[in-house]
Amino acid sequence: MSAERPATPAAPAARARSIGILGGGQLGRMLVHEAQAMGYRAVVLDPDPSAPAGQAADRLLCAAYDDPAAASEMAALCAAVTTEFENVPAAVLQSLADRCVVSPAAAAVRICQHRALEKAHFGRSGVPCAPHARIESAADLQAVADELLPGVLKTSQLGYDGKGQRRVADRAALAEAWQALGRSPCLLEALLPIRCELSVLVARGADGACVHLPVQQNLHRDGILAVTQVPAPDVDAATAAEAARMARELAVTMDYVGVLCVEFFVLQDGRLLANEMAPRPHNSGHYSIDACDLSQFGLQLRTLLGLPLAMPRQHSAAVMLNLLGDLWFAADAAGGAAVATPREPDWPAVLALPGVHLHLYGKAEPRRGRKMGHLTVTAASAAAARATALQAAQRLGLPPF
Ligand code: ADP
Ligand code: MG
């Protein structure tokens, strides 16, 4: 295992043409592809020997994220290091920053890792968000204001894809939910009347240059992103422009370098509220690989390497469908509850449709709710992309949207 050897520095020219990625998931894999297309080498750090990005990387350092020997080896091999997942220990980024270019910075990642710090950053930046309160003690629980109920109780850290959160109708349910979440530090948000959900990906360079991708409209099922449509069908131009402005503002006020995703809610009354941020490319930006002339991964690479940022142009309307592990299990004859018979989804049926781009992440084991891949449909118009995506969904056995 490489982390057991002392780090041998790469020749400076080779080191300058190598990027390091903390985390070996699909976001890292797509960044590896982008880096290699531009002639860079990619070194991935992940404890899983079969991690999706590790399969594609020039070199996999198979070790824990906080293994100091592995971090040293990465610093010796790579001039620039980024992270592909949010919960990399911020201290690791901090320690690497003495030895190589690191973006995003540990301080920004720390904010995005913690829902309360994130909400405070929204406030500091003048960006509205849901009414909320920290729940960290029994006294906090007692002091909850009536207007926060019904609400959503979320663990302050390590939540994703709807995990670590509970909807609560009243005080009794709130107390129960906090107990169920292990009385860990939580944030209670008022349950919002949501019309639709948006996200914006911003890229900001070390020189302060800032560009963004078009505003995306996202549909979640069971707390997991299911469908992204761009252009956003239910959003007027003024709201889209305001979301992009807020996302850029949030990057500027963190002095952020890298790709930042900001999720928003549009309420029934039209108000726009920030939901959460991710300090990296995002599932909702995957369509940009096939529908834009500069993708979120291209932007990530450019911000990391200090290369110029051009404003991306969307050349095709796009609909992205997430492919979760559930698709790998056949439904029973009645089409009801799925039984555990593994099968391969019918890829030829969807590839027969025009403008279909299939991305699979190389995960050997399908599991329910696990992101196995995605499919982007591109077309000359939003209506055509949607029509084809609905056909693709039907052929795969996904619900309509
Ligand atoms: P995660 O980190 O799991 O993505 P989010 O905070 O984005 O956590 O919540 C996941 C989903 O739950 C959101 O996309 C939205 O559909 C729903 N949700 C979250 N917070 C609220 C809220 N305050 N009111 C109503 N729905 C919410
Ligand atoms: Mg979210």
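Residues numbered from 1 in each chain as written. Chains lettered and ligands numbered in written order. Predicted model: local features only at pLDDT ≥ 70, side-chain atom pairs only at ≥ 80, totals over all residues. Heavy atoms only, no water.

**Things to note about the site of ligand 1**
For step 1, the next point in the chain: Lining the immediate environment of ligand 1, one finds 20 residues, of which Lys154, Gly162, Glu197, Asn275 and Glu276 sit closest.
For step 2, the next point in the chain: Residue glycine 162 places a main-chain N or O atom 2.5 Å away from an oxygen atom belonging to ligand 1.
For step 3, the next point in the chain: One of the side-chain N or O atoms of glutamate 189 is found 3.0 Å from a nitrogen atom in ligand 1.
For step 4, the next point in the chain: In isolation ligand 1 exposes 540 Å². Once the protein is present, 92% of that is buried.
For step 5, the next point in the chain: Of all the secondary-structure elements, those providing two or more residues to the shell around ligand 1 are strand 7 (151–155), strand 8 (165–168), strand 9 (186–190), strand 10 (194–204), strand 14 (258–267) and strand 15 (272–278).
For step 6, the next point in the chain: Its residues placed into classes, the shell around ligand 1 shows 7 nonpolar, 5 polar and 8 charged.
For step 7, the next point in the chain: Taken domain by domain, the makeup of the shell around ligand 1 includes at least three residues from each of domain 2 (131–190) and domain 3 (194–396). (Near = heavy atom within 4 Å. Polar contact = N/O pair within 3.5 Å; in protein donor to acceptor, adjacent residues only side chain to side chain. Areas by Shrake-Rupley, 256 points an atom, 1.4 Å probe, with all protein chains shown as cover. Helix = DSSP H or I, 4+ residues; strand = E, 2+ residues; numbered from the N terminus. Nonpolar A, V, L, I, M, F, W, Y, C, P; charged D, E, K, R; others polar. Domains from an automatic or database assignment.)

**Regarding the domain arrangement of the chain**
Accessible area lost during the coming together of the parts is what is often quoted as the interface size.
For step 1, the next point in the chain: Taken domain by domain, the chain comprises domain 1 (12–102), domain 2 (131–190) and domain 3 (194–396).
For step 2, the next point in the chain: Distance from the C-alpha centre of domain 1 to the C-alpha centre of domain 3: 24 Å.
For step 3, the next point in the chain: On the domain 3 side, the residues contacting the 20 residues of domain 1 number 22 residues.
For step 4, the next point in the chain: Broken down residue by residue, the surface that domain 1 buries against domain 3 is led by Leu27, Met30 and Glu86, which jointly contribute 32%.
For step 5, the next point in the chain: Here domain 1 and domain 3 share 0 salt bridges between them.
For step 6, the next point in the chain: For the pair domain 1 and domain 3, the number of links is 3 residue pairs in polar contact (both at pLDDT 80 or more). (Contact = heavy atoms within 4.5 Å. Buried area = accessible area lost by both parts, 1.4 Å probe. Salt bridge = Lys/Arg side-chain N within 4 Å of Asp/Glu carboxyl O.)

**Quick look at the sheet that holds strand 9**
Note: strands within a sheet are paired through backbone hydrogen bonds, in either parallel or antiparallel orientation.
For step 1, the next point in the chain: Across the sheet, which stays open at both edges, the 4 strands sit in the order 6-9-7-8 with antiparallel pairing between neighbours. Of all the strands in the sheet, just strand 6 (132–135) and strand 8 have a single pairing partner and so form its edges. Sheet twist, expressed as the average angle between the axes of neighbouring strands with direction ignored, equals 20°.
For step 2, the next point in the chain: Where strand 7 meets strand 9, 5 bridges bridge the pair, whose relative direction is antiparallel. Across the sheet, glycine 151 pairs through a bridge with alanine 190, a residue of strand 9. (Pairing = 2+ DSSP bridges. Axes fitted to C-alpha atoms, helices over the stretch in contact; angles between N-to-C directions.)

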